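# Architecture and fold: a report
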Amino acid sequence: MKVEESLLANVKMAPRDAILGLTELYVADPHPKKVNLGVGVYYDDQGKVPLLECVRKADEALTAAGVARPYLAMDGFPDYVRQVQSLLFGPGHPAVAAGRVTTVQAVGGTGGLKVGADFIKRFAPEAAVYLSDPTYDNHRPLFEEAGFRIETYPYYDPRTRGIRFTEMLACMRGIPKGSVVLLHACCHNPTGVDIRGEQWDEVMKIVAERRLLPFLDFAYQGFGDGVEEDAQVARRFAQALPAALVAMSFSKSFSLYGERVGALFVVAADSGEAAKVLSNLKRMIRTNYSNPPSHGARIVAAVLASPELRALWVKEVIGMRDRVRSMRRELVERLKKRIPEDFSFILQQRGIFSYSGLSREQMVAMRERYAVYGIESGRICVAALNSRNLDYVADSIAATIKLSTDELAKPRAAA
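Because the structure is a prediction, the values reported are computed rather than measured.

### Digging into the overall build of the protein chain
In terms of regular secondary structure, the protein chain is built from 14 helices and 13 strands. Computed over C-alpha atoms, the radius of gyration of the protein chain comes to 22 Å, within 12% of the 22 Å expected from 2.2 N^0.38 for 415 residues, which places it in the range of a compact globule. Counting every position in the protein chain, which comprises 415 residues, the buried fraction comes to 54%. Here the analysis covers contacts within the protein chain between residues at least 6 apart in sequence; of these, 77% occur between residues at least 24 apart. Carbon and sulfur atoms make up 52% of the accessible area of the protein chain, which amounts to about 19,200 Å² in all.

### Overview of the side chain of Asn-189
With respect to the secondary-structure elements, Asn-189 resides in the loop between strand 7 (180-184) and helix 8 (198-209). Beyond its immediate sequence surroundings of up to four residues, Asn-189 is in contact with Thr-135, Tyr-136, His-184, Tyr-220, Phe-353 and Arg-379.

### Thoughts on helix 7 (residues 165-173)
Listed as buried for helix 7 are Phe-165, Met-168, Leu-169 and Met-172. Take helix 7 and look down its axis: the buried residues cluster within an arc of 95°, on one side only. Looking at the buried side of helix 7, the elements it contacts are strand 4 (149-154), strand 6 (162-163), strand 7 and helix 8.

### Remarks on the nonpolar core
Membership of the largest hydrophobic core comes to 108 residues, with the highest contact counts inside it found for Tyr-80, Met-168, Leu-183, Val-203 and Trp-313. A per-element tally of this core places helix 12 (residues 307-338) first, with nine residues. Apart from residues no more than four positions distant in its own chain, Leu-183 is found in contact with Tyr-153, Met-172, Ile-195, Trp-200, Val-203, Pro-214, Phe-215, Leu-216, Asp-217 and Phe-237.

### Some points on the packing of helix 5 (residues 108-123) against helix 10 (residues 271-286)
It is the contact of helix 5 with helix 10, at a shortest axis distance of 10 Å, that shows an interaxial angle of 115°. For the pair helix 5 and helix 10, the sense of crossing is right-handed. Touching Val-115, Asp-118, Phe-119, Arg-122 and Phe-123 of helix 5 are Val-277, Asn-280, Leu-281, Arg-283, Met-284 and Ile-285, all from helix 10. Partitioned by chemical class, the residues of the contact of helix 5 with helix 10 number seven nonpolar, one polar and three charged.

Conventions adopted
- Along each chain, the written sequence defines residue order, and numbers are assigned to residues from 1.
- With the structure being a predicted model, the display of local features is reserved for residues of pLDDT at least 70 and the display and counting of side-chain atom pairs for 80 or more, all residues being used for whole-chain, interface and lining totals.
- For side-chain calculations, the full set of non-hydrogen atoms in the structure is used, while hydrogens and water are omitted.
- Runs of H or I in DSSP of at least four residues are treated as helices and runs of E of at least two as strands, each being numbered from the N terminus.
- Only C-alpha atoms enter the radius of gyration; for comparison, a globular chain is expected to reach 2.2 Å times N to the power 0.38, where N is the number of residues.
- Only protein chains enter the accessibility calculation, which uses a 1.4 Å probe; a residue whose area is less than 20% of its type maximum is buried, one above 50% is exposed, and one in between is partly exposed.
- The contact definition used throughout considers only heavy atoms, calling two residues in contact when any of these lie within 4.5 Å.
- Residue-level accessible areas treat just the shown protein chains as cover; the underlying method is Shrake-Rupley with a 1.4 Å probe.
- Picture the helix axis, draw a direction to every C-beta atom, and the arc is the one those directions span.
- To qualify as a nonpolar core, a set must consist of buried Ala, Val, Leu, Ile, Met, Phe, Trp, Tyr and Cys residues joined through side-chain atoms within 4.5 Å.
- Note on method: axes are straight lines fitted to C-alpha atoms, helices fitted across the in-contact stretch only, with angles between N-to-C directions ranging 0 to 180 degrees.
- The crossing is said to be left-handed when, going from far helix to near helix, the turn is anticlockwise and less than a right angle, and right-handed when the turn is clockwise.
- Only Asp, Glu, Lys and Arg are considered charged, only Ala, Val, Leu, Ile, Met, Phe, Trp, Tyr, Cys and Pro nonpolar, and every remaining residue, Gly among them, polar.

The following block contains the structure:
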């Protein structure tokens, strides 16, 4: 009997994910001192993902209440939708008061980006998406899979360790009208270098003049300047422009990674337009995952609705932010004692990531020789540092920097 070729015979092996694939290598590594600085997760000083006290209390109350878990509406748990919209835009925001803001629960921040991308593609199929250079590793494939042509705008300057702001503005002035510009609201991933203060005014002015569609990725609320302070960028865009999108994640700020709690906000020109947007987002959600998960959303809604739990949450976010800042200072101090190179630029970066300045070859060598895992772009997760691994990481960075070009290619030293 003749065996015909499988219908899946032409499927090729997909490339390893730059971040999750690195974690797979880390897990399989037997090195006793291995450190994973690749994945974007906040860890406490014990190297553990924390269970926030506000989350524990809300979870216990929900469990005690014996709440059933039916399907949610397509756009999510209503209390959650109201609470996160209020959290992002604050009380009395003009766009919210005018009914211009549509909010849907999303499956994490990535889910918000994906639903937003599919929505834009349906109604602006010819639009290109402009990403910062560099950007979060999942941005390009996510928008490419949605069918977009991807372009970039200048962002990080490895020479000054800052933003190529003049070049960025010049590029934006030449972007075709109707294009999508993806912006990081705070704690830029992967560099930790943010657009700040009056710079946002210039960006918004060009976005308005060129009739560009801004899409804000907001995954680290509270890890920049503070919960309220970090939300100001989204609030300003919503007030100044007739259209904008914001994808929001609560993975880091609530330490609810596995619950996949996120949201997508679409700011429209008026309430009538917003109603049309919502109807289409519901349709897209229905044909994708039908409705979002409930438990994590109920926890976030309960915390935000309770003055006591909300105050506790803000306190815990500040604690996480301050620990990351402390790790930045400690890393810089330890490197200063080991090598002449100046790493003080790390102190100016914000959020859980740092663009370390190490080359691809140095990152690979550090992984191969010392089992310190970071993204080959040079990005490291500062939140993965703690009092137990800090000296080893500083030693590894210093030793790697001292390697010659030939030495960079040598295999790992014995553990």
